[in-house]
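# Examining the three-dimensional arrangement
For reference, the chains in residue letters:
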Amino acid sequence: MADKPSTVKVTIDGTELEVPPGTLVIRAAEQIGVVVPRFCDHRLLDPLGACRQCLVEVEGQRKPLTACTTTVTDGMVVKTQQTSEVARAGKESNLEFLLINHPLDCPMCDKGGECPLQDQTLAHGPGETRFVETKRRYEKPIKISETVLLDRERCVLCARCTRFSSEVAGDPFIELFERGALEQVAIFEDEPYDSYYSGNVVQICPVGALTSPSYRFQARPFDLVSTEGICNHCAAGCNLRIDSRRGLVTRQLAVDNDEVNEAWNCDRGRYGFAYAQDPERVLVPSVNDGGRLRTASWSEALRRAADGIRAARGKGVGVLVGGHLTDQDAYALQKLARVTFGSNNVDARAWPEGEADAAVLARVAGRPGPTYADLEAAAAVVVVDLDPHEESPILFLRLRKAALRKGVPVVTVGPRAGRLAVFATVVPTLPGGEADALAAVGRGEGDGGRVVAGARGRGGAARPGTRKGPVVVLAGWRAGANGALQAAARLADGLGGRLAWVPRRAGDRGALDVGARPGLLPGGRGVADPAARAELAEAWRLSEGLPEAPGLDGPAMVRAAAAGELGMLLLAGVDLVRDYGPRELAERALANAFVVAVDHAVNDTTRHADVLLPGVVHAETQGTFTDWEGRVQRQRPAVPVGGAAQTVWELADQLSVKLKVDLGLASWGQVAAETERFRVAPEAGAQVARPDPEPAGRPGPEAGGGEAAPPGSTEGADGPEDGLALVTYPLLLDGASMLARAADLNRASAAAFCEVHPDDAGRLGLADGGRATLDFGAGGGGEPRIAELPVRVSAAVAPGCVFVPANQPDLALGALLGPAPAPRVAVRAVEEAAA
């Protein structure tokens, strides 16, 4: 049988070119610079041919064809509007029909100035209308969600919004209703448009039918200054266009980058920028005077900070690095700690992490990992302790695309699968049971193991005709607290696959690479490695060596400060009370230590600082962010710096100068060059920590440990028999300070709730939509910690577990319980509690 041709020849407007078979005419034309007008077509959505604006003439065909649905064939001759009167007339007539009922409100429409309908009417439309009847009118605007308003009379029925929602996001809450002249976009009465990706339908709408409340009537495109940047919320690395007017950010849009976010972003990244416009923003330095903060000059504030650090050195100092700082900020802070303070007490984590799991991250630091593209070509993807829909939304979209469009098997292991349960094979476990479950997957046992083994084929190789990529293991940031990260690395090694660590915040991966960890130097080299210390000391031109003892991690520093064992805390973009609870512990740490805080916000932490220094916000930042892949991307300032604020790396250098130590980071060029030089891991062959054959204290079946405890088992758990294992992590839309003043998102944020498996709901008498009391145990002072919450019943939660969001506006559970919450929670229906 003859092989199929790899290319076909097509002639477009007299130019012959070769393209792969199956290429759409509209895409082939783009390759030679011919733009065929369109409304419904989008390169990342399935072809539809709804708007009829892309009509072209094809020789041999009786009628014009739509270029967005017609694939090229060998020898095809196509004429576009540039060379064909038929195609030109078709576009003009189609525009005349579209404008029959379209309102002439361009001067007040938010799309004015960047509207494809405006542009195409000017280029291809009729000069005047023949329609003199009254235009169709609808009530306007209709609020279809907190972030989307609908003006139905402007809609041209291109179906971009409905196709994005169903094909890409998997949120089919918006649809076309009615038929013929009555057809319109709408939502179901009993299902609001509840999507984390709703802002994308506003951006891809080719007219002003869908608009954003936060941008409505705020600016015109010609008023705006646009700067490309990187989202600083999660670790997905989405590319943004930051639009500003008169020095203030007015909106953020997704920028096309097929290697990362394609053309999409989530609503948090799109609308979560208003916090920078808080009228109480910290714009000048302050010092604590008699228990109250007062304004101070930079020289006084830095002098007070230096004096406090000198006085505290006897007890030790600690540096806590915020999760939304640039790579350069994190690098400068770890250098400040090690060179100026002489301590490895520097950390960017607010969560506990085992030594073995921390060692695994040395394999990740400074090295490129699997990419988004690798997910779509993988033999299988195993997701461990990660809810990407809540914690890395663009990663969720790429996993969904890999599973549903590319046929990649996805297995998720952990106590809560979230929306991965829609298309993934779920391996439910209790918290702490992930290591055993992953071992079973590696042995090919259970549903997850059979899926992975089947994808790889017998003998460990990919089956002929299937994708050739290796298995990719995605381990979430929570995996480091329970041994799952080490088990994930062991699984990746055993399958010949690749391991990726997916942190929660935009700055976490960069902080790991540049050594903002108590046991790691830049590039993932261990603090205990004499050669690594000597090499770095020589490069930094230090007369004395670097400290060799591993420092305290973040939670340990807070505990030490609360006990009076650590004399000083430097908080850079860290809200100690909210991020390092429980609250009473954080407040004791703030009271007992000398605190220097660098922040843009006034909160419960900065109010207690001895010195408060103003930091820049995201749109004012210059630096780089590293996403979960290890991809380094540049962020440029979009607006002028507010007040007297400075970047963290500038403050670190100035503070060090006050302490008579020159860090050599006085300019952007210096800090950028050092960061890039030292963040890279050692060459291949250098000694890197490998996972142990079996988790410490967790014998495998061969060692007599038997099978893993079944999901839902309470064997070995502390607490009451009817207690459930607590699972908690932040939702995408929560009570974070970076969502302050984002009114649309705040209204869309859910109230706190508890989510249980149907089996547990039946056993405990809980009903979906009912209420339950949760007893989290006594606090540090013996006080009870009880909450009454609405109940959700979902099979996405493992049996024996209860999920409660960590940081909702009405219940900051993380601040209440701290980074290591009680393992068991007593859950009772409200009726039972009342009785």
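Reference entry: report on the structure contained in this document. All of these numbers come straight from a predicted model, not from anything done at the bench.

For the coordinates displayed, the defined rule picks out 58 salt bridges. Where Lys143 meets Glu146, a salt bridge forms, and the shortest distance between an N and an O atom there is 2.9 Å. The exposure class assigned to Lys143 is partly exposed, which follows from its relative accessible area of 47%. One network of salt bridges, with partners in common, ties together Asp105, Lys140, Asp151, Glu153, Arg154 and Arg216.

Inspection of helix 9 (residues 355–364) places Asp357, Val360, Leu361, Ala362, Arg363 and Val364 among the buried residues, and these make up the whole buried set. For helix 9, the secondary structure elements touched by its buried residues are helix 15 (484–494), strand 22 (498–502) and helix 16 (508–513). The positive-phi residue at the C-terminal boundary of helix 9 is Gly366, with phi of around 70°.

Below, the discussion takes up the environment of Gly664. Within the secondary structure, Gly664 is located in the loop between helix 21 (648–658) and helix 22 (668–678). For Gly664, a relative accessible area of 23% translates into the label partly exposed. It is 54 Å that separates the C-alpha atoms of Gly664 and Gly800, two residues lying 136 residues apart in sequence.

Before going further, it helps to spend a moment on the side chain of Glu167. Tracing the backbone shows Glu167 in helix 4 (residues 160–169). Reaching out from Glu167, the side chain makes a polar contact with the side chain of Arg405 at a distance of 3.4 Å. The contact partners of Glu167, leaving out residues within four places of it in the chain, are Leu45, Asp46, Arg400 and Arg405.

Right, let's get into the packing of helix 4 against helix 12 (residues 393–404). For any two helices packed against each other, one specifies the inter-axial angle together with the distance between the axes. Running from N to C, helix 4 and helix 12 point in directions that differ by 80°, and their axes come no closer than 9 Å. As summarised for this structure, helix 4 and helix 12 are arranged roughly perpendicular, according to the angle between their axes. Note on element contacts: helix 12 touches helix 4 through Phe396, Leu397 and Arg400, opposite Ser166, Glu167, Val168 and Ala169. Classifying every residue of the contact of helix 4 with helix 12 gives four nonpolar, one polar and two charged.

Strand direction decides the pairing type here: strand 14 (residues 286–289) and strand 15 (residues 292–295), joined by four bridges, are antiparallel. Opposite Val287, over in strand 15, you have Arg294 as the bridge partner. Where strand 14 folds back on strand 15, the antiparallel hairpin that results is connected by two residues, among which Gly290 adopts a positive phi of roughly 65°. Pairing of strand 14 with strand 25 (residues 611–614) involves two bridges; the strand directions are antiparallel. Bridged to Val287 within strand 25 is Val611.

This paragraph deals with the packing of aromatic side chains. Across all of its chains, the model carries eleven aromatic pairs by this definition. Note on Phe396 and Phe423: the rings are 5.8 Å apart at their centroids and 50° apart in plane angle, and the pair reads as tilted. Of this pair, Phe396 sits in helix 12 while Phe423 sits in the loop between strand 19 (410–414) and strand 20 (425–428); the two residues are 27 residues apart in sequence, bridging distant segments of the chain. Exposure class is identical for Phe396 and Phe423. Each is buried. Members of the aromatic cluster, each reached through a chain of ring pairs, are Tyr331, Trp540 and Phe678. One residue, Arg504, lies across the ring of Trp477, its end atom 5.4 Å from the ring centre. Looking at Arg792, its charged tip hangs above the ring of Phe753, at a distance of 3.7 Å from the centre.

Cut-offs and rules
Residues numbered from 1 in each chain as written. Predicted model: local features only at pLDDT ≥ 70, side-chain atom pairs only at ≥ 80, totals over all residues. Heavy atoms only, no water. Salt bridge = Lys/Arg side-chain N within 4 Å of Asp/Glu carboxyl O. Buried < 20%, exposed > 50% of the residue type's maximum accessible area, 1.4 Å probe, protein only. Helix = DSSP H or I, 4+ residues; strand = E, 2+ residues; numbered from the N terminus. Contact = heavy atoms within 4.5 Å. Polar contact = N/O pair within 3.5 Å; in protein donor to acceptor, adjacent residues only side chain to side chain. Axes fitted to C-alpha atoms, helices over the stretch in contact; angles between N-to-C directions. Parallel < 35°, antiparallel > 145°, perpendicular 65-115°, else oblique. Nonpolar A, V, L, I, M, F, W, Y, C, P; charged D, E, K, R; others polar. Pairing = 2+ DSSP bridges. Phe/Tyr/Trp six-rings, centres within 6.5 Å; stacked < 30°, edge-to-face > 60°. Lys NZ or Arg CZ within 6 Å of the ring centre and 35° of its normal.

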